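# Structural description and commentary
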Amino acid sequence: QVQLVESGGGVVQPGGSLRLSCAPSRSIFNINSMGWYRQAPGKERELVAAITSGGSTNYANSVKGRFTISRDNAENTVYLQMNSLKSEDTAVYYCKFNIGRALTYNFWGQGTQVTVSS
């Protein structure tokens, strides 16, 4: 079983920055895509950003121009650089890996809290 370990969450003032990281507990192969999702209290989980094995990215409209997703293929690690944070970015952030070839599986991290508050 693959476990994804997230780090980098915390409390930051509006306008500040945070960098989230997500890495697997062991080496894995055939990673198709990596992504970051978030869930705010009382809301559904939503996609924030995703990156494919080829490096293509997509972002939620609400974070375009402020957040950047990147990956280190050698370390199987995905990052989310979050700049110009707003109070509405407050949520639990989850990473997700899609892995496999003929059959694919999704693995989720445990979540890391990001709180934007003055």
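Below: a short report on this structure. (Residues numbered from 1 in each chain as written. Predicted model: local features only at pLDDT ≥ 70, side-chain atom pairs only at ≥ 80, totals over all residues. Heavy atoms only, no water.)

## Side note on unusual backbone geometry
The backbone phi angle of asparagine 30 is positive, close to 55°, even though this residue is not glycine. Mapped onto the fold, asparagine 30 is located in the loop between β3 (18–24) and β4 (31–39). Unusually for a residue other than glycine, serine 84 sits at a positive phi of about 50°. With respect to the secondary-structure elements, serine 84 resides in the loop between β8 (77–82) and β9 (91–100). Take serine 84: its relative accessible area is 39%, and that puts it in the partly exposed class. (Helix = DSSP H or I, 4+ residues; strand = E, 2+ residues; numbered from the N terminus. Buried < 20%, exposed > 50% of the residue type's maximum accessible area, 1.4 Å probe, protein only.)

## Some remarks on the pairing of β8
Within β8, 5 of the 6 residues are buried, which leaves the element mostly enclosed by the surrounding structure. The pairing of β3 with β8 spans 5 bridges and is antiparallel. Across the sheet, residue cysteine 22 finds its bridge partner in β8, namely valine 78. The sheet contact formed by strand β7 (residues 67–72) and β8 spans 6 bridges and is antiparallel. The residue of β8 that forms the bridge with serine 70 is tyrosine 79. Where β7 folds back onto β8 in an antiparallel hairpin, the turn is made up of 4 residues, including asparagine 76, whose phi is positive at roughly 55°. (Pairing = 2+ DSSP bridges.)

## Remarks on the environment of glutamine 1
Position of glutamine 1 among the secondary structure elements: in the segment before β1 (4–7). Since its relative accessible area comes to 77%, glutamine 1 is described here as exposed. Taking the C-alpha atoms as reference, glutamine 1 lies 37 Å from glutamine 13; in sequence the two are 12 residues apart.

## As for the pattern of salt bridges
Overall, the coordinates contain 3 salt bridges when judged by the stated rule. Note that arginine 38 is salt-bridged to aspartate 89, the shortest N-O span being 2.9 Å. Placement of arginine 38 in strand β4 and of aspartate 89 in the loop between β8 and β9 is noted, with a sequence separation of 51 residues between them. Ionic contacts of the salt-bridge type, sharing partners, join the residues Arg38, Glu46, Arg66 and Asp89 into one network. (Salt bridge = Lys/Arg side-chain N within 4 Å of Asp/Glu carboxyl O.)

## Notes on the packing of aromatic side chains
Applying the stated criterion across every chain yields a total of 1 aromatic pair. Between the NZ or CZ atom of arginine 19 and the centre of the ring of tyrosine 79, over which it lies, the distance is 4.0 Å. Positioned over the ring face of tryptophan 108 is arginine 45, at 4.7 Å from the centre of the ring. (Phe/Tyr/Trp six-rings, centres within 6.5 Å; stacked < 30°, edge-to-face > 60°. Lys NZ or Arg CZ within 6 Å of the ring centre and 35° of its normal.)

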